[in-house]
Amino acid sequence: MERVAAAKRNGKKVTVISTSPAETQRLGIWVGRRLKPGDVISLTGDMGAGKTLFTRGIAEGLGVLRGQGVRSPTFTLVHEYKGRHPIYHIDLYRLRGKELEELGWEEYLCGEGVTVIEAAEKIAQRLPEERLDVLLEREGAQRRRLVLVGYGRRFHPLVKALAMRGRC
Ligand SMILES: Nc1ncnc2c1ncn2[C@@H]1O[C@H](COP(=O)(O)OP(=O)(O)OP(=O)(O)O)[C@@H](O)[C@H]1O
Ligand SMILES: [Mg+2]
């Protein structure tokens, strides 16, 4: 707990306003291009905030072709896509009881790929310290506030670079 709290204090944060689905996807692409095996992205936000769209961008940034079926893994909890690295797309929205253990999700975290978790707040205490948190908030029909907080050596520079890049 203490270590998690310390990591939180050291998070680097940037806020991006998106005014269209395409902008949110482009931000996902920007992030996806910079990801490496073992990276964990945790997405939180209400229904329709844009978590899946952002994930679609990440997949595209990792070389998954557009239209390759990146959508919420509603019944299976996890989808895997083949990009430059494998992408494990987990959605915990419908998570019940012991399903998480059955999924063996921790193996994904240590695997060869990038793990993107929608509704990650459900396992907030169990996420690795080094990760990128993305909170998406709906501010209007087309307007979203995305707050990205990077933890650890992997994600501080990424968030800094994003802040330098300014609005997408
Ligand atoms: N600026 C925007 N960014 C992202 N999505 C937007 C934006 N403006 C409108 N939208 C719309 O909001 C919806 C976002 O849907 P998406 O499935 O990505 O959300 P989600 O957070 O994954 O929802 P769920 O909780 O159901 O998984 C899409 O229909 C998209 O077209
Ligand atoms: Mg979704």
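1. What about the environment of Arg138?
In step 1: On the secondary structure map, Arg138 appears in strand E6 (residues 132-138).
In step 2: Assessed through the 15 C-beta atoms surrounding it within 10 Å, Arg138 is described here as partly exposed.
In step 3: When the C-alpha atoms of Arg138 and Ser18 are compared, they prove to be 9.8 Å apart, with 120 residues separating the residues in sequence.
In step 4: Other than its neighbours up to four places away in sequence, Arg138 contacts Asp46, Gly48, Ala49 and Arg144.

2. Some thoughts on the nonpolar core
In step 1: Grouped together as the largest cluster of nonpolar side chains are 35 residues, with contacts concentrated most on Leu43, Ile58 and Val134.
In step 2: The biggest single contributor to this core is helix H3 (residues 51-61), with four residues.

3. Some words on the environment of Ala49
In step 1: Mapped onto the elements, Ala49 comes out in the loop between strand E2 (40-45) and H3.
In step 2: In this structure the C-alpha to C-alpha distance between Ala49 and Arg143, which are 94 residues apart in sequence, comes to 9.3 Å.
In step 3: Setting aside residues no more than four positions away along its own chain, Ala49 makes contact with Leu136, Glu137, Arg138 and Arg144.

Calculation notes
Residues numbered from 1 in each chain as written. Chains lettered and ligands numbered in written order. Predicted model: local features only at pLDDT ≥ 70, side-chain atom pairs only at ≥ 80, totals over all residues. Helix = DSSP H or I, 4+ residues; strand = E, 2+ residues; numbered from the N terminus. Buried ≥ 20, exposed ≤ 12 C-beta atoms within 10 Å, placed from the backbone. Contact = placed C-beta atoms within 7 Å. Core = buried A, V, L, I, M, F, W, Y, C linked by C-beta atoms within 7 Å.

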